Amino acid sequence: MSAIETASPRASWSATETPPRISEDWLSVIIGLVIFVLALAVLANVDLIGWAVTTSVWNNLGQALGTASKTYAPLGGAGALLATYVALLAVLSAAAMALKADVRKFALAFTAVFWIAYASWVVGSYASFAAVTPAELQRFGVAWSLRLTNEGGFIFALLAGLIIANVFPRFAETIKEAVRPELYIKIAIVILGGFFAVTAAGKLNLASSLLLRGVAAIIEAYLIYWAVVYFVARKWFGFNREWAAPLASGISICGVSAAIATGAAIRARPIIPVLVSSLVVIFAVVEVLILPFLAQTFLWQEPLVAGAWIGLAVKTDGAAVAGGGITESLILAKSAAEGVTYQPGWILGTTATVKVFIDIFIGIWAFVLGYIWTNHINVTSDKAKIVEIWQRFPKFILGFVLTFLVGLYLALGTPADVASKVPVAIGEANTFRVIFFILTFFSIGVLSNFKKLWQEGIGKLAAVYVISLFGFVIWVGLIISWLFFSGIKPPLAG
Amino acid sequence: MSQPDIRTELQRAAPEPLLPIEKKLIGFSLGIGLVLLVVLAVVNYFVPATF
């Protein structure tokens, strides 16, 4: 499978020449909102999605799986897993149909993607990998553990994908119809809005402070990172403008979507942003395997600095937000071991806030570049138009904002008997958020065929990425995260 | 475009000097960015996060 081909969010849904009726972006909003609304039925004492599968840390496989809600406990873990698979297969196959994909091919591919990815997640929850505290080690009867927490299962899903991409490339090619990290993470982010609302509702002032500090991320990504990376690519590496602009956007802003938006805005050949996107995915894999553990080691006493740093340093929505999830688990575990138990959700919420803030401005930045390019550099009659800002606006952010606002209203603006059920409802939706994270990690791994990408001649592009990312982006991101988020601690649990 | 052409293209690309408009873009971006960061840092200092 070509990493180039599949890294493009537009690449291979459609088997026909006619464009799909709806974009992947809007579909993610619809699917995320459907899950969110179904979960809210709990407020009316109707449990519609409590059958979704969850995984606990285990040392006896028979006890690993369960249902999200006790209402459906008689279903058992295996029944819950099967029900979750069937439901996701039905919904996503309908999505594939709307996108004019080959539904049969998608269904077969998704079957493989789901079972391999979820099996990796279950393996990652094995006590010898996931148990963290001495009490857990004792409870599971293990003397030693990697202490990855059960969210370390994301790493296992990523590794499974990497093995498939690099050892079994033919199989990777076979399942590519369902390897859709952008779709999966966008659905997860829409659901995450509600989860973040419930988290924020208890500490609204703190949440507002985080939102204000998210503005710093926009300035950093667009005005500082972009200019420096563009300069490095043009001046030090001799790239022409057509290559340098998408490369700068990919490295500095938000990976795949920014590279594609910029490429289209400056009227670059389509192959260029697609190639840059492939590179972004590869480096995101490397970052996700390293940065959360660095954050746990060096930033565990500044959890929100760690969350913001991951959001600023990892350059795709999927890897960044899911990486924020791993970072949160690792830091909460380490803090708990030191006797400090933070409320979950705040580190991941900070990463997601930073990422969403950055995403919002992709369209505007692409328009600015498009205006400069079409009026001053490659003067053409095909001028950049203001409507392109909306066309390139990532629509899934609307879903995130909507679920956040609805969740916040339900938690704060409804009678106590209703408000008290909101965390349960959102918790059920959050079960699907975790499943979509797993699918995202696995898909990112499957896209990362290192050998293939190297053969395609991206060595020089990779050099710009290495120098910019490890020599500049990571460190400036750390400084700015520290400047704006240090001293702000998540609320304590309980 | 075939893939080997990309490798060749990247190796043999003719140099394109920075145009004045590109220099302006880089300069203004960095300048505005740094000024805004300083402003935000000052605001952050005087309006600390509330818990």
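Anything mentioned here points back to the structure above.
Residues numbered from 1 in each chain as written. Chains lettered and ligands numbered in written order. Predicted model: local features only at pLDDT ≥ 70, side-chain atom pairs only at ≥ 80, totals over all residues. Heavy atoms only, no water.

**A short note on the overall build of chain B**
Reasoning step 1: Of regular secondary structure, chain B possesses two helices and zero strands.
Reasoning step 2: Taking all 51 residues of chain B together, the buried fraction comes to 25%.
Reasoning step 3: For chain B, the exposed area adds up to about 3600 Å²; of that, 71% sits on carbon and sulfur atoms. (Helix = DSSP H or I, 4+ residues; strand = E, 2+ residues; numbered from the N terminus. Buried < 20%, exposed > 50% of the residue type's maximum accessible area, 1.4 Å probe, protein only. Areas by Shrake-Rupley, 256 points an atom, 1.4 Å probe, with all protein chains shown as cover.)

**Concerning the overall build of chain A**
Reasoning step 1: Counting secondary structure elements, chain A contains 22 helices and two strands.
Reasoning step 2: Computed over C-alpha atoms, the radius of gyration of chain A comes to 22 Å, within 12% of the 23 Å expected from 2.2 N^0.38 for 494 residues, which places it in the range of a compact globule.
Reasoning step 3: Along the three orthogonal principal directions, the C-alpha set of chain A runs to about 65 × 50 × 50 Å.
Reasoning step 4: In chain A, which comprises 494 residues, the share counted as buried stands at 63%.
Reasoning step 5: Long-range pairs, those at least 24 residues apart, make up 80% of the contacts in chain A between residues at least 6 apart in sequence.
Reasoning step 6: In the structure as shown, chain A presents an accessible area of about 17500 Å², 68% of it carried by carbon and sulfur atoms.
Reasoning step 7: Where the 32 positive side-chain charges of chain A centre and where its 24 negative ones centre are 5 Å apart. (Rg over C-alpha atoms; globule rule 2.2 N^0.38 Å. Contact = heavy atoms within 4.5 Å. Lys, Arg positive; Asp, Glu negative; His and termini not counted. Charge placed at Lys NZ, Arg CZ, Asp CG, Glu CD.)

**Quick word on the environment of valine 122 of chain A**
All names here are of chain A.
Reasoning step 1: With respect to the element layout, valine 122 can be found in helix α4 (residues 103-124).
Reasoning step 2: In sequence terms valine 122 and valine 42 are 80 residues apart; their C-alpha atoms lie 27 Å from each other.
Reasoning step 3: Aside from chain neighbours lying at most four places away, what touches valine 122 is Thr55, Trp58, Leu61, Ala64 and Leu65.

**So, the layout of surface pockets**
All names here are of chain A.
Reasoning step 1: In this structure, the second largest pocket occupies an estimated 620 Å³ of space.
Reasoning step 2: If you go around the second largest pocket, you meet 25 residues; those closest to its centre are Asn150, Glu151, Asn430, Arg433 and Val434.
Reasoning step 3: Taken together, the elements giving at least two residues each to the lining of the second largest pocket come down to β1 (53-55), α4, α14 (317-337) and α20 (422-447).
Reasoning step 4: A per-element tally of the lining of the second largest pocket places α20 first, with six residues.
Reasoning step 5: Per-class residue counts for the lining of the second largest pocket are twelve nonpolar, ten polar and three charged. (1 Å grid on protein atoms, 1.4 Å probe; cavity = no way out; pocket = protein on both sides within 12 Å on 5 of 7 lines; lining within 4 Å. Points joined across faces, edges and corners; volume = space filled by probe spheres on them. Nonpolar A, V, L, I, M, F, W, Y, C, P; charged D, E, K, R; others polar.)

**Some thoughts on the packing of aromatic side chains**
All names here are of chain A.
Reasoning step 1: For the structure shown, the criterion picks out 25 aromatic pairs over all chains.
Reasoning step 2: For the pair phenylalanine 114 and tryptophan 115, a centre-to-centre distance of 5.4 Å together with 90° between the ring planes defines the contact as edge-to-face.
Reasoning step 3: Assessed through its relative accessible area of 1%, phenylalanine 114 is described here as buried.
Reasoning step 4: Pairwise contacts between aromatic rings join Tyr85, Phe106, Phe110, Phe114, Trp115 and Tyr118 into one cluster.
Reasoning step 5: If you follow lysine 395 out to its NZ or CZ, it ends over the ring of tryptophan 390, 4.8 Å from the centre.
Reasoning step 6: Geometry around phenylalanine 195 places arginine 433 over its ring, the cationic atom sitting 5.4 Å from the centre. (Phe/Tyr/Trp six-rings, centres within 6.5 Å; stacked < 30°, edge-to-face > 60°. Lys NZ or Arg CZ within 6 Å of the ring centre and 35° of its normal.)

**A word on the nonpolar core**
The nonpolar side chains of a soluble globular protein tend to be buried with one another.
Reasoning step 1: If you look at the biggest cluster of nonpolar residues, it comprises 191 residues, and the most contacted ones within it are Phe110, Phe239, Phe432 and Phe436 of chain A.
Reasoning step 2: It is helix α10 (residues 204-236) of chain A that provides the largest number of residues to this core, a total of 18 residues.
Reasoning step 3: Among residues more than four places away in sequence, those in contact with phenylalanine 239 of chain A are Ala233, Arg234, Ala244, Leu247, Lys460, Leu461 and Val464 of chain A together with Leu10 of chain B.
Reasoning step 4: Counting residues in hydrophobic clusters, the runner-up holds seven residues, among them Val57, Ala127, Ala130 and Phe140 of chain A. (Core = buried A, V, L, I, M, F, W, Y, C linked by side-chain atoms within 4.5 Å.)

**Some points on the interface of chain A and chain B**
Many descriptions give the size of an interface as the accessible area lost when the pieces come together.
Reasoning step 1: On the chain B side, the residues contacting the 43 residues of chain A number 29 residues.
Reasoning step 2: The interface formed by chain A and chain B contains three salt bridges.
Reasoning step 3: The salt bridge partner of glutamate 22 of chain B is arginine 241 of chain A, with a shortest N-O separation of 2.8 Å.
Reasoning step 4: Run the count over chain A and chain B and you get nine residue pairs in polar contact (both at pLDDT 80 or more).
Reasoning step 5: Broken down by element, the residue count for the side of chain A that touches chain B peaks at 16 residues, all from α10 of chain A. (Salt bridge = Lys/Arg side-chain N within 4 Å of Asp/Glu carboxyl O. Polar contact = N/O pair within 3.5 Å; in protein donor to acceptor, adjacent residues only side chain to side chain.)

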